[in-house]
Amino acid sequence: MTKPSRLPIQGTPIQIEIDGTTTTAYVGESVATVLMAQGQRIFTDESIYNYARTIFCGMGICHQCLVTLNEIRDVRACMTTIQPGMRINTGMTLDIEGTEETQ
């Protein structure tokens, strides 16, 4: 599966951490944008809420894109702008075959 591409005009690259893995993001992007660009479709561990959560409305109304950000739970990924050194935890990891499983 190929990852979606970003727009050709990007901000300054910065380093962030997603589920323990360091990755590059760009100034001005939302947390949801970075997760989607990295191929992450499920934003929250299903076992916590009994169903998978991902971006839905993209404007902060539905609260379906909640992640843990710098140890703060239930932060809206669609409304939060990336900052250098951010630690994003979705509770999801990729197994060896590339399918998503919870930690």
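My aim in this report is to walk through the structure given alongside it, one point at a time. What you see is a predicted model; the values in this text were computed from it and never measured. (Residues numbered from 1 in each chain as written. Predicted model: local features only at pLDDT ≥ 70, side-chain atom pairs only at ≥ 80, totals over all residues. Heavy atoms only, no water.)

## A few points about the pairing of strand β2 (residues 21-26)
Thought 1: Examined bridge by bridge, strand β1 (residues 13-18) and β2 share six bridges and lie antiparallel to one another. Across the sheet, the residue bridging to I16 is T23, located in β2.
Thought 2: The turn linking β1 back onto β2 is made up of two residues, and D19 within it adopts a positive phi angle of 50°. (Pairing = 2+ DSSP bridges. Helix = DSSP H or I, 4+ residues; strand = E, 2+ residues; numbered from the N terminus.)

## Here's the deal with the environment of T54
Thought 1: Locating T54 in the fold gives a position in the loop between α2 (46-49) and β3 (66-69).
Thought 2: When its relative accessible area of 29% is taken as the criterion, T54 is described as partly exposed.
Thought 3: As a C-alpha pair, T54 and R41 span 13 residues in sequence and 6.3 Å in three-dimensional space.
Thought 4: At 2.4 Å, the side chain of T54 and the backbone oxygen of R41 are in polar contact. (Buried < 20%, exposed > 50% of the residue type's maximum accessible area, 1.4 Å probe, protein only. Polar contact = N/O pair within 3.5 Å; in protein donor to acceptor, adjacent residues only side chain to side chain.)

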